[in-house]
Amino acid sequence: MVVSVRSVQDVAIVTIENPPVNAISHAVRQGLLDAKQQIEADPAIKAGIIVCADRTFIAGADIREFNTPPKEPHLPDLVIALEGGKKPLVAAIHGTALGGGLEIALGCDYRIAINSAKLGLPEVNLGLIPGAGGTVRLTRLISAEPALDIMISGKPVSADRAKNLGLIDATCDDDLQNSAIAFANRIKDEPRPSQILTRMADYDRAALDKKLTAGAAKARGQNSPVAVCQAVRNAIEMSAHDALAAERKLFVELKSDPQSLALRHIFFAERATSKISAIKGVPAAPVNQIGIIGGGTMGAGIAAACLLAGFDVVMIERNDEALAQGMSRTKATLANSLKRGLITQAKHDRLIAAFTGSISYIALADADLVIEAVFEDMEIKKAVFDALDQACKADAIFATNTSYLDIDEIAQSTINPTRVIGLHFFSPAHIMKLLELVTTKTANPTAIATGVALGKRLGKITVPSGVCDGFIGNRIMSAYRRTCDYLIEDGALPADVDAAMRDFGFPMGIFEMQDLAGLDIAWAMRKRRAATRDPQERYVDIADTLCEMGRFGRKTGSGWYQYENGKATIDPTVTDLILQTSARNGITRASMTADEIMAQILATMRTEAAAILDEGIANSADDIDVVMVNGYGFPRWKGGPLFMALKP
Ligand code: 3H9
């Protein structure tokens, strides 16, 4: 029974138990409707409470059911049924009340939440809008502006904020169920509050209009934020009955919108990446202390990420000056988190106390896991791993953050290659969600399981990858960057390629991105590889020439573009260089449309992805989509290059 009813004197307690997150499946909808009817029919019952078992209140409609024909009772009708009747209902919220979960709570007369609870309508993240009256009830209950903020951001609010907004009526520290029973006993004989649909919280029309216009403009080609704006407008301009009908229509349309299909695909794909069959049932090694080798941008960022996740961290650098710089980079990140209110002063101080540094590897004697993030040079890395072999305990796990180097070779240089894995973070490491877990030929299941567990603790999406040049993400990016070099030699200009990518939905184009990251690192790598490059392979040397001119991107004021006060402009010098290069190589330049540019970029991504799958580097096409969406700016609402190919 996913929904059960028991009573404590004259209060009925309706418990939903549908693990893992009490999503509203057909059985839950039917169970709740039956429970409501039972409460109404039982003369001994004066009020009811809806509460959930396990870790959370209802996390929303069951997204998996969206791909099957809808079955009665439908959620909007259930909410209306809860709202009607003679006896008051109280929603008792812990964990998260999301989407349809919050809509059920809005169908109750009162909402009480435990202090740690979060409440939100995140449908926009799935390419949808709330479809069970949420747009209308939330807008009318807490006012249009905050309702719009909640729905358009998709971000949940804390119980405290929800109380201030009037979204919930009471909070409690713990013992939610007893607090809810006490609450129900207080209100059971009082007149029932008016239904939310009959109310209309005050709002400032001019401020709201500004927000609605800005919200729709920021959508960048996404349909659901625009639909949210429309639904909020409807909620204040139409009768409740009409606004509910209009919401339903928008929801049903969006459910079959390719953007929603893509976002739902990514939602499940992200949760599947770390379910690796080879480590099923294998426990992770316990990790308390993490060593970080190198305090550069990556090392310092990884240290901050580990501290924020509650680990003790020891940073190792080659001398006192480098150590001081590295540690202050990490501390600056923590200070920034404090400034932005993401952590409290007490937590900040705890993290600082958990952070130590040394110029001696001996300080790693107790480290359970060490992550190396030094300069990308095989010999330097091997020297680091040699030092780790000497200093660390026998069961410590070693990881390298290399982006390109052969981790099998690094592993083989150590005494025990089975404990070596790759943990490829993305910059800024404490923010970027993606983590590539590189599994070498020799890595043992415990080391891999520990990498997965670490990713989870850090709040990352961990995607396993085999060893190859660039692993999954950088390998695909190198391939399409090469294609973009061909495109500019064949007739496009960098600004054409960048505009095509931005129009497609990338936050920036490949040339803008190179200018931001700096052109010098890739140049150094190309020079290292020059000797082994296939002379038959087409090679475009425009980026090399830019570097020879000292144009390393934004940091030097010029690269593919010229920069003034941070603003990029097209530089005729670069345009001339491109035209001359085409002429020198006997290429007749031909203009290209944005669609043609994107078709070539996507085709390259797919060809490289197919090779990656063939070689067993990635476990699945979905994993590749997750990497491209979370690490390389591929628009989430298009689902990834492989999803697009399968479901255009
Ligand atoms: C909606 O409500 C529409 C309505 O307005 C109108 C309808 C008419 N359904 O994320 P986790 C699974 S739209 C089905 O790893 P966490 C998830 O796949 C919905 N399954 O845990 C995973 O399965 P598995 C609006 C769901 O603790 C497992 O639960 N709601 C759903 O890191 C654990 O998930 C949302 O968009 C679902 N709704 O985070 C909320 N949710 O174990 C979406 C989760 O097989 N959910 N699963 O891999 C979340 O944001 C997070 O899952 C949550 C927990 C914060 C709840």
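Residues numbered from 1 in each chain as written. Predicted model: local features only at pLDDT ≥ 70, side-chain atom pairs only at ≥ 80, totals over all residues. Heavy atoms only, no water.

1. Some details on the site of the ligand
Here is the rule we go by: Any residue with at least one heavy atom within 4 Å of a molecule or strand is counted as near it. Polar contacts here mean pairs of N or O atoms no more than 3.5 Å apart (in protein, one a potential hydrogen donor and the other a potential acceptor; neighbouring residues in sequence count only if both atoms are side-chain atoms). Computed by Shrake-Rupley with a 1.4 Å probe, the accessible areas treat only the displayed protein chains as cover when residues are assessed.
Near the ligand there are 29 residues, and of these Arg55, Glu103, Glu123, Arg271 and Lys275 occur at the shortest range. Taking Ala61, its main chain carries an N or O atom lying 2.8 Å from an oxygen atom of the ligand. One of the side-chain N or O atoms of Arg271 is found 2.6 Å from an oxygen atom in the ligand. In isolation the ligand exposes 1000 Å². Once the protein is present, 77% of that is buried.

2. Quick notes on the pattern of salt bridges
Using the following cut-off: A pair is scored as a salt bridge if a Lys or Arg side-chain nitrogen falls within 4 Å of a carboxyl oxygen belonging to Asp or Glu. In this description a helix means any DSSP run of H or I spanning at least four residues, a strand means any run of E spanning at least two, and both kinds are numbered starting from the N terminus. Three exposure classes are used, based on accessible area relative to the maximum for each residue type with a 1.4 Å probe and protein chains only: buried under 20%, partly exposed in between, and exposed over 50%.
Counted under the stated rule, the structure contains 30 salt bridges. Arg192 is the salt-bridge partner of Asp109, the closest N and O atoms lying 2.8 Å from each other. Remark: Arg192 occurs in the loop between α7 (176-187) and α8 (205-217) and Asp109 occurs in the loop between α3 (100-107) and β6 (110-114); sequence separation between them is 83 residues. Here Asp109 falls in the buried class, since its relative accessible area comes to 10%. The exposure class of Arg192 is partly exposed, given its relative accessible area of 25%. Here Lys381 and Glu372 are joined by a salt bridge, their closest N and O atoms 2.7 Å apart. Classification of Lys381 by relative accessible area gives buried; the value is 1%. Linked through salt bridges whose partners overlap, the residues forming this network are Arg205, Asp209, Arg233 and Glu237.

3. Focus on the packing of helix α19 (residues 494-504) against helix α20 (residues 510-517)
What counts is decided by this rule: For helices, the fitted line uses only the C-alpha atoms of the stretch in contact; every axis is such a line through C-alpha atoms, and the angle between N-to-C directions lies from 0 to 180 degrees. Orientation categories follow fixed angle ranges, with anything under 35 degrees roughly parallel, anything over 145 roughly antiparallel, 65 to 115 roughly perpendicular, and all other angles oblique. Only heavy atoms matter for contacts: two residues are in contact if any of them lie within 4.5 Å across the pair. Lys, Arg, Asp and Glu make up the charged group, whereas Ala, Val, Leu, Ile, Met, Phe, Trp, Tyr, Cys and Pro make up the nonpolar group; the residues left over, Gly among them, are polar.
Running from N to C, α19 and α20 point in directions that differ by 105°, and their axes come no closer than 7 Å. Classified by the angle between their axes, α19 and α20 sit roughly perpendicular to one another. Here α19 contributes Pro494, Val497, Asp498, Met501 and Arg502 to the contact with α20, which in turn contributes Ile510, Phe511 and Glu512. When grouped by side-chain class, the residues that make up the contact of α19 with α20 number five nonpolar, no polar and three charged.

4. Remarks on the pairing of strand β16 (residues 434-438)
Consecutive residues of a regular strand have side chains that alternate between opposite faces of the sheet. We count it as follows: The pairing criterion is simple: DSSP has to find at least two bridges between the two strands.
Most of β16 is tucked away: five of the five residues are buried. Residues of β16 alternate between two faces, with Leu434, Glu436 and Val438 on one and Leu435 and Leu437 on the opposite face, all of them buried. The pairing of strand β15 (residues 420-425) with β16 spans four bridges and is classified as antiparallel. Bridge assignment links Gly422 to a residue of β16, and that residue is Val438. Direction of pairing for β16 relative to strand β17 (residues 461-465): parallel, over a ladder of five bridges. By the bridge assignment, Val438 is partnered in β17 with Ser465.

5. Quick notes on the nonpolar core
Let me state the cut-off plainly: As used here, the term nonpolar core means buried Ala, Val, Leu, Ile, Met, Phe, Trp, Tyr and Cys residues forming a set that is joined through side-chain atoms within 4.5 Å.
Core analysis: the largest hydrophobic core is formed by 83 residues, its most contacted members being Ile49 and Ile50. Every residue in contact with Ile49, bar those within four places of it in the chain, is listed here: Val11, Ala12, Ile13, Val14, Val90, Ala92, Ala180, Ile181 and Ala184. Core analysis: the next-biggest nonpolar cluster, separate from the first, contains 52 residues, Cys484, Val497, Phe506 and Ile510 among them.

6. So, the domain arrangement of the protein
The condition is simple: What marks off one domain from the next here is an automatic or database domain assignment.
You can read the domains of the protein as domain 1 (3-256), domain 2 (277-465) and domain 3 (473-616). For domain 1 and domain 2, the distance between their C-alpha centres works out to 42 Å.

7. Focus: the sheet that holds strand β5 (residues 96-98)
The mixed open sheet is built from three strands, whose spatial order is β5-β7-β8. Here the strands that pair on one side only, and so sit at the sheet edges, are β5 and β8 (157-158). As paired strands, β5 and strand β7 (residues 118-120) are joined by three bridges and run parallel to one another. Residue pairing in the sheet places Leu98 in a bridge with Gly120 of β7. Helix-sheet contacts for α3 involve β5 and β7, and the interaxial angle to β5 is about 90°.

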